[in-house]
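Spelled out, the chains give:
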Amino acid sequence: MADSSFDIVSKVDRQEVDNALNQASKEISQRYDFRGVGASIGWSGERIEIRANAEERAKAVLDIFQSKLVKRGISLKALDAGEPQASGKEFKMVCGIKEGISADDAKKVAKLIRDEGPKGVKAQVQGDELRVSSKSRDALQEVQRLVREKDFDFAMQFVNYR
């Protein structure tokens, strides 16, 4: 019998992020407490830029955006939010979206699977993802449970389950 396998990846659906951004932008434009404070959120190249006339307002805009991301099923671990920076008369905050598993993080997950996972399970780093394979599908499900229980500082999904 051939080995069963799945991949551990860290990917974000760009369309869902865009939808959350548009929803947050619409809410900011309609809310009374954001009138006249110059609060805005939008894409700036590959990053998300938040602008407001006060540091607290910039953080409030970030909070709204985070709530929209959660409603759309995107983990907040994928959002890399910076601190508000004074830029002239306004405050600017730049947020990035983290994708891909770094080599160090992949090694941590592989080590966890080797040390605490069931026998006969192999984990291989392949670029920015991790392939986990075993003869037993039950062992693969056990690995998924184990990895979910351990709280890593990056978002991860399990794909290509065969």
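A quick note: this is a predicted structure, and the numbers were derived from the prediction, not measured. (Residues numbered from 1 in each chain as written. Predicted model: local features only at pLDDT ≥ 70, side-chain atom pairs only at ≥ 80, totals over all residues. Heavy atoms only, no water.)

Caption draft 1: Representation of the side chain of Ser134. Relative to the elements of secondary structure, Ser134 occurs in strand β8 (residues 129-134). In this structure Ser134 comes out as buried when scored by relative accessible area, which is 3%. Within polar-contact distance, the side chain of Ser134 engages the backbone nitrogen of Ser136 at 3.2 Å. Setting aside residues no more than four positions away along its own chain, Ser134 makes contact with Asp3, Ser4, Gly120, Val121, Ala139 and Leu140. (Helix = DSSP H or I, 4+ residues; strand = E, 2+ residues; numbered from the N terminus. Buried < 20%, exposed > 50% of the residue type's maximum accessible area, 1.4 Å probe, protein only. Polar contact = N/O pair within 3.5 Å; in protein donor to acceptor, adjacent residues only side chain to side chain. Contact = heavy atoms within 4.5 Å.)

Caption draft 2: Inspection of the pattern of salt bridges at higher detail. Inspection of every chain in the model, using the stated rule, returns 18 salt bridges. Its salt-bridge partner being Glu16, residue Arg72 comes within 2.6 Å of it at the nearest N-O pair. Taken together, the positions of Arg72 in the loop between α2 (55-71) and β4 (79-81) and Glu16 in helix α1 (residues 14-30) put the pair 56 residues apart, joining distant regions of the chain. Residue Glu149 pairs with Arg145 through a salt bridge whose shortest N-O separation is 2.5 Å. (Salt bridge = Lys/Arg side-chain N within 4 Å of Asp/Glu carboxyl O.)

Caption draft 3: Main features of the pairing of strand β6 (residues 90-97). Bridge count between strand β3 (residues 47-52) and β6: five bridges; the pairing is antiparallel. Along β6, the bridge assignment pairs Ile50 with Met93. Pairing of β4 with β6, which is carried by three bridges, proceeds in the antiparallel orientation. Counted as the bridge partner of Asp80 is Gly96 from β6. Bridge count for strand β5 (residues 85-87) against β6 is three bridges, and the pairing is antiparallel. When the bridges of β6 are listed, Ser87 appears paired with Glu90. The loop that links β5 with its antiparallel partner β6 comprises two residues; one of these, Gly88, has a positive phi angle of about 70 degrees. (Pairing = 2+ DSSP bridges.)

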